[in-house]
Amino acid sequence: MKSMMKLSLYLFLRLVLVCILALMSIPVARFATDVTTPLLAIFYFLMIMYFFIFTAWSVGGRDVIKNNRTNKSPFLAKGFIAAFIIAAFLVIVFFMPNIISSLIGSPSGFLYLVFCFMKLFFTFFSAYSMAWVHSIVSGIPISGDETLGDINASVAATIAFFVILLCCVIGAGIGYIVGYKQIKIIQPWLDKWKRE
């Protein structure tokens, strides 16, 4: 359990890093053209997938050494569960402002503002993807002022958020299994490239 929470912490820190990097790219998005937002969406999607897969892969590679030393049986679902913990946190943060406003009746109060800011920050890793999907579905091209507008109102943008979360959970789970079983995917290509 302790090692699973450690992997969840590593994944959470990678998520925060990608959110900060996406937040820092707002000046670039301010001058967005029709091509900039899709490029940023693809870039940040690949970045979050890389971090989740690589982090789980490296922890899986370390766990096989630790389990061989202590004769523990492998728990191959560790990557899936650790990423699911992060995804569950993000889902709670995503829906909490709506739940609070429906319970209170008016969107005000300190707790509501805290969850709104948390939602804003923790959805930055998928903000460009959500904006891109929102613009495709609505048919309205994205200008620099609309990049971070009302993207949460669209069902399509919300589905894009959940698809990215699902991809992260699956990617981390597969990355952990590949790391634990020490399956060589890139290494044969690197060896071949070094020989040539």
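Bear in mind the structure is a predicted one, so any value in this text is a computation, not a measurement.

J.: Just to check I follow, could you spell out a nonpolar patch on the surface for this structure?
T.: On the surface, Met1, Met5, Phe75, Ile81 and Ile85 cluster together into a nonpolar patch covering about 490 Å² of accessible area. Its location among the elements puts methionine 1 in the segment before helix H1 (2-24). By relative accessible area, methionine 1 is classed as exposed at 74%.

J.: Help me out: how do you make sense of the pattern of salt bridges in this one?
T.: Opposite charge on two side chains makes pairing possible when the charged atoms of those side chains draw close. Throughout the structure, instances matching the rule amount to two salt bridges. Where lysine 66 meets aspartate 63, a salt bridge forms, and the shortest distance between an N and an O atom there is 3.9 Å. Of this pair, lysine 66 and aspartate 63 both sit in helix H3 (residues 36-70), three residues apart, which is roughly one turn of that helix. Residue lysine 66 is classed as partly exposed on the basis of its relative accessible area, which comes to 36%.

J.: Can you help me understand the nonpolar core in this one?
T.: One broad trend across soluble globular proteins is that nonpolar side chains are buried collectively. Counting residues in each nonpolar core, the largest one holds 42 residues, and the members touching the most others are Leu11, Leu15, Ile48, Phe52, Leu90 and Phe125. When residues no more than four places from it in sequence are discounted, the contact partners of leucine 15 are Ile48, Phe52, Ile86, Leu90, Phe122 and Phe125.

J.: Help me understand the packing of H3 against helix H7 (residues 155-180), please; the structure alone is not making it clear to me.
T.: Packed helices, taken two at a time, are described by their axes: the angle between them and the distance between them. Interhelical geometry of H3 versus H7 gives an angle of 30 degrees and a closest axis separation of 7 Å. Classified by the angle their axes make, H3 and H7 are roughly parallel. Where H3 crosses over H7, the two elements pack in a sense that is right-handed. A per-class count over the contact of H3 with H7 returns 16 nonpolar, six polar and one charged.

J.: Please clarify how the environment of cysteine 19 should be interpreted in this entry.
T.: Among the secondary structure elements, cysteine 19 is positioned in helix H1. For the pair cysteine 19 and isoleucine 48, spaced 29 residues apart in the sequence, the C-alpha separation amounts to 9.3 Å. The residues touching cysteine 19, leaving out its near neighbours within four places in the chain, are Phe121, Phe122, Phe124 and Phe125.

J.: Even after reading the chapter, I still don't get the packing of aromatic side chains, so can you show me in this structure?
T.: What characterises a pair of aromatic rings is the spacing of the ring centres plus the angle enclosed by the ring planes. By the definition in use, this model includes 16 aromatic pairs. Here phenylalanine 94 and phenylalanine 95 contribute two aromatic rings whose centre-to-centre distance is 5.2 Å and whose plane-to-plane angle is 90 degrees, an arrangement assigned as edge-to-face. On the accessibility criterion, phenylalanine 95 (33% relative accessible area) is partly exposed. Among the aromatic residues, those joined into a ring-pair cluster are Phe94, Phe95, Phe125, Phe161 and Phe162. One cation-aromatic arrangement involves lysine 119 over phenylalanine 94; the distance from NZ or CZ to the ring centre is 4.6 Å.

J.: Just checking my understanding: could you explain the side chain of serine 8 for this structure?
T.: In this structure, serine 8 sits in helix H1. Residue contacts for serine 8: discarding those within four places in its chain leaves Ala82, Ile85 and Ile86.

J.: Can you walk me through the packing of H1 against H3 in this structure?
T.: Between H1 and H3, the least distance of the axes is 10 Å, while the angle of their chain directions is 160 degrees. On the basis of the axis angle, H1 is roughly antiparallel to H3. In this structure, H1 meets H3 at a crossing whose hand is right-handed. Here Leu7, Tyr10, Leu11, Arg14, Leu15, Leu17, Val18, Leu21 and Ala22 of H1 come into contact with H3, specifically with Tyr44, Met47, Ile48, Phe51, Phe52, Thr55, Ala56, Val59 and Arg62. Looking at the contact of H1 with H3 residue by residue, the classes come out as 15 nonpolar, one polar and two charged.

Rules and cut-offs
Residues numbered from 1 in each chain as written. Predicted model: local features only at pLDDT ≥ 70, side-chain atom pairs only at ≥ 80, totals over all residues. Heavy atoms only, no water. Patch = residues over 30% accessible without salt bridge, like charges linked within 9 Å, V, L, I, M, F, W, Y side chains within 5 Å. Areas by Shrake-Rupley, 256 points an atom, 1.4 Å probe, with all protein chains shown as cover. Salt bridge = Lys/Arg side-chain N within 4 Å of Asp/Glu carboxyl O. Helix = DSSP H or I, 4+ residues; strand = E, 2+ residues; numbered from the N terminus. Buried < 20%, exposed > 50% of the residue type's maximum accessible area, 1.4 Å probe, protein only. Core = buried A, V, L, I, M, F, W, Y, C linked by side-chain atoms within 4.5 Å. Contact = heavy atoms within 4.5 Å. Axes fitted to C-alpha atoms, helices over the stretch in contact; angles between N-to-C directions. Parallel < 35°, antiparallel > 145°, perpendicular 65-115°, else oblique. Left-handed = near helix turned anticlockwise from the far one by under 90°. Nonpolar A, V, L, I, M, F, W, Y, C, P; charged D, E, K, R; others polar. Phe/Tyr/Trp six-rings, centres within 6.5 Å; stacked < 30°, edge-to-face > 60°. Lys NZ or Arg CZ within 6 Å of the ring centre and 35° of its normal.

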